[in-house]
Each structure stands twice: as structure tokens, then as C-alpha cells.
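Residue-level structure breakdown
Spelled out, the chains give:
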Amino acid sequence: MAKRVLMRGNEVIAEAAIRAGCQCYFAYPITPQAELLEHMARNMPRLGRTFVQAESEVAAISMVHGASAAGVRTMTSSSSPGISLKMEGISYLAGSSLPAVIVNVVRGGPGLGNIAPAQCDYFQATKGGGHGDYHMIVLAPSTVPEAGELTMLAFELADRYRTPVMILADGMLGQMMEPVLLPDPVDPAALPAKPWAATGAKGREPNIILSFDLDPEGLRRMNLELQARYRTIREKEVRHEETETEDAEIVIAAHGTVARIAKSVVRMARAEGIRLGLFRPITVWPFPYEPLRALSSRVETVLTVEMSAGQMWEDVRLAVAERAKTPFYGELGGVVPTPKGILREVKRHVG
Amino acid sequence: MEPETYRNEVENQWCPGCTNFGILAAVRKALAALDLAPHEVCLVSGIGQAAKLPHYVRSNVFNGLHGRAIPAATGIKVANPALTVLVTTGDGDGYGEGGNHLLHALRRNPDITVVVHNNELYALTKGQGSPTTPVGEKTRLQFTGVEIEPIEILATAIVHGCGFVARGYAGEIDHLSDLLVQAIRHRGLSLVDVVQPCVTWGERPPAWYRERIEKLPADHDPRDRAAALGLAASQRERIPIGILYEGPPRLVFADRHLKRTSGRALASLEPVKEDEITSRLARFRR
């Protein structure tokens with residue numbers, strides 16, 4: 001019988017990956033996601049699966065590239081500077097239509113930054129990040145249990161759409177402990193076959209996995225096929241959550257850790273008679289433009305709150321356009337906004 | 001010049017009793033022995049515990065990306081050949097993340113000194129196996145012991161004909177400082193691998209290393225490539241320290257670059273004169 005266990009965010013993501021049937025995990029140590037490696041190092045080998053501590057982040061993403069081409073569920077994880085190093089590999093995965101899960105436990109940036117929680121990699125995650133016309137599905141958990149659920153989902157979506165999927169967490173989610181009901185494990189042998197994978201061509205035509213075509217017409221077709229897939233993803237995979245938005249005059253738009261904090265702010269504001277709601281994108285790519293557009297015609301103000309200088313804010317403004325006011329409140333450099341601080345911002349924009 | 005010249009007021013972040021303090025003392029002592037003024041020196045590093053060393057030295061400092069100290073140092077040296085450029089890196093930063101750069105520096109031969117704090121693990125991220133962790137050693141991640149062989153960088157450097165290949169010990173400050181003096185004097189790439197027991201995450205105490213460290217005999221000829229290769233290999237029974245190898249003279253990267261350009265360095269160590277500072281400031285006051 002399933003039971004609740006107290007686990008750290010990094011460990012929950014690792015355990016969920018194992019339960020999702022991740023066969024090969026490759027990573028390089030970096031704070032604040034070191035516990036993710038530890039959980040994988042402790043558990044993958046005893047299940048007959050692969051854990052490799054790579055010599056660099058570039059090596060790790062390339063190992064993912066290879067393992068994915070060979071047809072297994074595979075994952076890498078890192079934190080911001082390490083994710084930057086993986087970007088070339090992610091672009092190749094996207095270009096080659098290869099499924100993979102990449103975990104970014106975001107820390108303060110740019111450059112070396114620090115090891116405190118941040119959301120400053122939103123642009124990198126949702127707008128491509130690497131070179132070329134590509135996207136990856138980006139899932140933004142706001143609690144430790146949700147980090148586990150979304151990791152399971154990430155593997156499903158990666159295989160279904162043959163695309164890299166990113167878990168966009170942050171240092172707080174990675175380090176925080178919460179009671180978690182772990183999902184039932186998937187049997188890797190029971191997963192749908194990957195007829196495209198490079199598994200040995202005996203008795204069939206060879207599978208060729210490429211991210212290039214020197215002929216512009218050919219590359220155009222490849223890109224059009226990718227774009228068609230992105231359209232399908234936009235149609236079918238948008239996920240978001242609304243809290244107390246039915247009668248709201250103002251809503252906070254926030255993802256991840258900030259959305260979790262904003263839930264407390266909704267309670268605090270309601271206690272003071274302020275009709276505050278929360279709009280939380282769960283997929284930040286594809287961004288829930290339509291639901292936010294619909295909501296924005298019913299409210300006065302959509303206040304975006306982020307641990308960045310206003311990155312998701314751009315998507316919020318695209319969705320809202322002129323239908324509501326779109327102020328912004330952000331904290332930078334690893335500073336986490338407090339419920340009081342957010343409530344103060346809310347009050348500046350009501351009445 | 002006194003070692004104190006290079007002391008600054010930056011708060012030290014190493015663990016109490018860290019053997020990196022020995023390397024820091026040796027670096028300061030070597031710079032003093034060479035009579036180099038702080039403005040004539042640039043310490044370059046990436047990320048890791050070793051990469052913090054430049055923070056604790058009063059000199060020019062460049063602290064850049066993880067694993068990329070050697071390319072940064074190459075750029076600094078080619079822009080300002082008058083600077084004495086030292087890289088302080090570790091086995092993770094220098095042999096893992098940036099291993100490729102070290103290989104190509106061996107080919108390019110910039111006039112820089114690479115000091116590797118080799119503690120046989122990743123200390124900044126709290127004790128994972130590194131490229132030099134011995135086979136079988138249990139770590140924070142390698143629970144049942146490291147399975148892959150340690151990298152043989154000193155032997156690689158010798159095979160590449162590196163002009164100065166040495167091994168030092170963090171607990172032998174005078175000996176290490178002397179090695180650094182010679183490494184810095186050497187024109188071209190010098191590689192000094194420093195055995196640096198980690199008192200926090202390491203499996204074995206400094207005493208274990210102390211027992212095995214032995215200075216090279218006086219009759220070791222550093223031009224003897226075969227003998228050097230034998231001494232360079234990682235071994236656990238005895239750990240020879242000293243100058244293992246001095247390769248034949250080779251063209252130095254910055255020299256080649258200067259010959260092909262104006263012959264004049266892009267930057268110099270000449271202090272900017274007072275009237276020039278005044279005239280430059282005046283431009284902002286307009």
C-alpha cells in the first residue's frame with residue numbers, strides 16, 4: 001500500500017524518475033541539486049539501471065543524447081550554469097526529435113550567481129535557450145509532491161511527442177522537504193515501443209536519427225514537422241491552476257515557488273476583504289495564454305510576481321494585452337518574496 | 001618582497017585545518033622569492049575550493065567559469081605578456097570539467113603556471129569522486145567504490161613534452177614554494193600537481209599521505225623521460241614529489257603571437273601617469 005514519506009524535492013524528482021522507468025541518468029555535481037545525484041547513485045544500480053557521474057555537464061547531456069537515441073528513458077539534472085552548458089545538447093535533442101527529461105533546479109544568476117532559489121532561467125527554458133527554432137515542454141512544479149507528479153508526466157510527454165521536457169524547479173523546491181505520496185512505478189518493459197530508436201537494424205531498415213539536413217528544402221520540412229508538433233502540444237498539453245479567481249478583482253500570475261507563496265497571500269488578502277485570486281501556469285511552455293486571456297477580461301489587474309526581473313511577465317502581457325492592468329513585482333538575486341511583501345504589492349493595485 | 005605583501009583582508013571560506021592553507025602559504029612565499037610586485041601577478045581560477053585561492057592573495061585576480069581557467073589565463077597572458085600568470089585549479093575543475101583545455105594548453109604552450117590542488121575529490125559540492133579518486137574508494141556518490149581508473153595527467157603532460165612537470169605536497173610548504181618558483185621561472189606551460197589531502201571529505205588523513213610522500217632523489221634527471229613517466233603514474237605506496245620532468249625548449253604561445261602581430265604587447269604593466277588619469281577623468285566631466 002502506498003504511504004506518505006517525508007522527502008526533499010531533489011529526492012522526489014529522482015525517485016519519480018526511477019518510477020517513471022528512467023533507465024539511464026547522467027549528471028555532474030552542482031549545488032543546489034546534489035541530492036538528486038545522490039538518490040540516483042544510491043538507487044539506480046540496485047535496480048540494474050545506469051547512474052553515471054559525468055566529467056562535465058556537456059558530457060552528461062551528450063550521454064543523454066546517446067541513451068535517448070538508443071531508445072531508453074533517460075534524464076539529466078543540473079542547476080542554472082550547468083543547464084547553460086547543456087543547451088547545445090538540448091537543441092540537438094530537439095532537432096533530432098529525441099525524448100529526454102532535463103531538470104533545472106534554478107539558482108540565482110547570471111554567471112556564477114549564487115545558490116539561492118530563483119526563476120531567472122524562465123526565458124532560457126521557455127524561449128528555446130539553445131540555437132534553432134525549437135521549444136521544449138517546460139513543467140513548473142510549485143510543491144514537492146507536484147515535482148514528483150510532473151516528473152512522471154515529463155517522461156510521458158517526452159516519449160509521446162519525442163521532445164526534450166524540462167522540469168523547471170528552483171533551489172527552494174529542491175531543498176525543501178514535504179510529505180509525499182509516491183506514485184506507482186512504471187514497468188520499463190511495458191512502455192510503448194519506440195520503433196524509431198537505434199536498437200540494431202537486424203531484419204529491418206536502419207533507423208537514422210539526425211538533427212541536420214544540408215538541403216534547405218529538407219531542413220525546412222524538418223522544421224515544419226517540429227512546428228506542427230509544437231502546435232499539437234499547444235493544443236493538448238497546456239496546464240494551469242486557478243485559485244479563487246471566480247469573483248476576483250485582481251489576480252496574481254506566478255509559477256513555481258512564488259505561486260506557492262502567493263496561495264498564502266490569497267488567504268491573507270481574502271481575510272482583509274480583498275478579492276484576490278491566483279493564476280498559476282503549470283506548463284510554462286506551452287504557456288496558458290487562452291485561459292489567462294479569458295480570465296483577464298473579468299479582472300481589473302493581473303499582477304505578475306516572479307523571482308526574476310520580469311520574464312514570465314512578457315507572456316502574461318502577451319496573454320492579457322490591454323484587457324487588464326499588468327503590473328509586475330519581482331525579487332532578484334536569490335531573494336524570495338515574502339507573503340507580506342506580495343500582499344503589500346497587491347494593495348498598491350486595488351481600490 | 002615578503003610573503004605578507006600578498007596578504008589581504010578577505011575572509012577565508014576554507015574549512016579549519018584545510019591543507020589549501022599550505023598551498024596558499026607556498027604561493028605567497030614563491031611570489032615573494034621571485035620579488036614580484038602584486039601588480040605584476042595575475043592569479044586565474046574557475047570554480048572549486050582551489051579556485052578560491054586567488055581571493056586570498058593581494059594581486060590581480062580573475063575568477064571565471066568552472067573548468068575554464070586555462071583558456072582565460074591564456075587570453076590574459078597573450079594580452080599582457082608582462083604579467084606573471086598562475087592558474088589555481090583542482091582535480092575536478094582542471095582535470096574533469098576543463099580537462100580538454102589542459103590537453104590543448106599542453107599543445108599550445110602558453111607561458112603560464114598551472115597549480116592543481118589535487119585532493120582526489122570534489123570538495124565544493126561535498127565529496128563526490130573526481131578524475132583522480134583511486135579505484136575502490138567510497139565517496140558520497142560512489143557508494144560501492146569508484147570503478148574507473150584515475151586520470152594520468154602528469155604522464156600525459158610528459159608525453160606531450162611539457163617543459164615543466166612537477167608534483168608537490170601541500171604539507172611541504174618550503175618544498176612546494178621552491179617548486180612554484182621554478183615553475184614560474186620556466187618559460188612555457190608549467191604543471192604542478194599538488195597532493196592536497198582533504199580533511200573534511202577525504203577518506204584518509206594527511207598523516208596517511210605524509211608517510212608516503214618522499215622527495216625525489218638528488219640523482220633524478222628531469223630530462224629522463226622514461227624515469228619521469230615512471231614517477232608520474234598515480235601510485236599509493238610512495239608518492240614522489242619534486243620536478244619530475246623538464247621537456248626540451250619549445251616555442252611559447254604568446255611569443256609566436258607577438259611575432260606575427262606588431263611585436264608590441266597589447267597591454268603593459270607601466271603605471272598610468274597622473275596627468276593621463278586627470279585627462280581621462282576630464283572627459284567624463286565634460
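Okay, so let's go over this structure. (Residues numbered from 1 in each chain as written. Chains lettered and ligands numbered in written order. Predicted model: local features only at pLDDT ≥ 70, side-chain atom pairs only at ≥ 80, totals over all residues. Heavy atoms only, no water.)

Digging into the overall build of chain A
Just so we agree on the cut-off: Secondary structure elements follow DSSP: runs of H or I no shorter than four residues count as helices, runs of E no shorter than two count as strands, and numbering proceeds from the N terminus. Both definitions apply: the radius of gyration is a C-alpha atom measure, and the globule rule equals 2.2 Å times residues to the power 0.38. Per-residue accessibility, obtained with a 1.4 Å probe over protein chains only, is compared with the maximum for each type, and a residue is labelled buried under 20%, exposed over 50%, and partly exposed between these values. Residue contacts follow a heavy-atom distance rule, with two residues in contact if any of their heavy atoms lie within 4.5 Å. Note on areas: Shrake-Rupley, 1.4 Å probe, and residue coverage restricted to the protein chains presented here. Under this rule, positive means Lys or Arg and negative means Asp or Glu; His and the chain ends count for nothing. Charged groups are reduced to one reference atom each: NZ for lysine, CZ for arginine, CG for aspartic acid, CD for glutamic acid.
Scanning chain A from terminus to terminus reveals 12 helices and 14 strands. The C-alpha radius of gyration computed for chain A amounts to 20 Å, which stays within 12% of the reference 20 Å derived for 351 residues, consistent with globular compactness. Principal-axis analysis of the C-alpha atoms places the extent of chain A at approximately 70 × 50 × 40 Å. A total of 351 residues make up chain A; the buried ones form 56% of that total. Counted over contacts in chain A with a minimum sequence separation of 6, partners at least 24 positions apart contribute 78%. Counting only carbon and sulfur atoms, one obtains 54% of the accessible surface of chain A, whose full area is about 14300 Å². The positive charge centre, built from 38 side chains, and the negative charge centre, built from 39, are 3 Å apart in chain A.

Notes on the interface of chain B and chain A
We count it as follows: Values labelled buried area give the accessible surface lost by two parts on being combined, using a 1.4 Å probe and summing over both. A pairing counts as a salt bridge when a side-chain nitrogen of Lys or Arg comes within 4 Å of a carboxyl oxygen of Asp or Glu. For the purposes of these results, a polar contact is taken to be a pair of N or O atoms within 3.5 Å, where, inside protein, one atom must be able to donate a hydrogen and its partner to accept one; residues adjacent in sequence count only when each atom of the pair is a side-chain atom.
Opposite the 14 residues of chain B that make contact, chain A presents 16 residues. The contact between chain B and chain A buries some 1200 Å² in all, and 57% of this surface belongs to carbon and sulfur atoms. Counting the surface chain B buries against chain A, the share from its top three residues, B:Glu97, B:Leu141 and B:Phe143, is 44%. Across the contact surface, chain B and chain A share 1 salt bridge. The partner of A:Glu38 in a salt bridge is B:Arg140, and the shortest N-O contact between them spans 2.5 Å. Counting every contact that joins chain B to chain A gives 6 residue pairs in polar contact (both at pLDDT 80 or more). Elements represented by at least two residues in the side of chain B that touches chain A include exactly helix 3 (91–97) and strand 6 (128–129) of chain B. It is helix 3 of chain B that contributes the most residues to the side of chain B that touches chain A, 3 residues altogether.

Focus on the sheet that holds strand 13 (residues 301–306) of chain A
All names here are of chain A. Definition in use: Any two strands are treated as partners once DSSP identifies two or more bridges connecting them. Comment: axis = line fitted to C-alpha atoms, over the contacting stretch for helices; angle = value between 0 and 180 degrees taken between N-to-C directions.
One open sheet accounts for 5 strands, arranged 9-11-10-13-14; its pairing is mixed. Looking at strand neighbours, the two that pair on one side only are strand 9 (240–243) and strand 14 (328–330), the edges of this open sheet. The mean angle between the axes of side-by-side strands here comes to 20 degrees, regardless of whether they run parallel or antiparallel. Docked against the sheet, helix 9 (residues 256–271) engages strand 9, strand 10 (250–253), strand 11 (276–281) and strand 13, running at close to 165 degrees with respect to strand 11.

Points about the packing of helix 10 (residues 289–296) of chain A against helix 11 (residues 312–320) of chain A
Residue and element names in this part refer to chain A. Formally: Every angle not falling under 35 degrees, over 145, or within 65 to 115 is termed oblique; those three ranges are roughly parallel, roughly antiparallel and roughly perpendicular. For a crossing to be left-handed, the near helix must be turned anticlockwise from the far one by less than a right angle; the clockwise case is right-handed. The residue classification treats Ala, Val, Leu, Ile, Met, Phe, Trp, Tyr, Cys and Pro as nonpolar and Asp, Glu, Lys and Arg as charged. All others, Gly included, are polar.
The geometry of helix 10 relative to helix 11 is characterised by a closest axis approach of 8 Å and an angle of 60 degrees between their N-to-C directions. Looking at the two axes, helix 10 sits oblique to helix 11. Considering how the two elements wind past one another, helix 10 and helix 11 form a crossing that is right-handed. Residues Tyr289, Leu292, Arg293 and Ser296 of helix 10 form the contact with helix 11, whose participating residues are Asp315, Val316, Leu318, Ala319 and Val320. A class-by-class count of the residues in the contact of helix 10 with helix 11 yields 6 nonpolar, 1 polar and 2 charged.

Here's the deal with the pairing of strand 11 of chain A
Residues and elements named next belong to chain A. Within strand 11, 6 of the 6 residues are buried, which leaves the element mostly enclosed by the surrounding structure. In strand 11, alternate side chains face the same way, and those of Leu276, Leu278 and Arg280 on one face and Gly277, Phe279 and Pro281 on the other are all buried. As defined by bridge partners, strand 9 adjoins strand 11 across 4 bridges and the pair is classed as antiparallel. Bridge pairing in strand 11 places Glu241 opposite Arg280.

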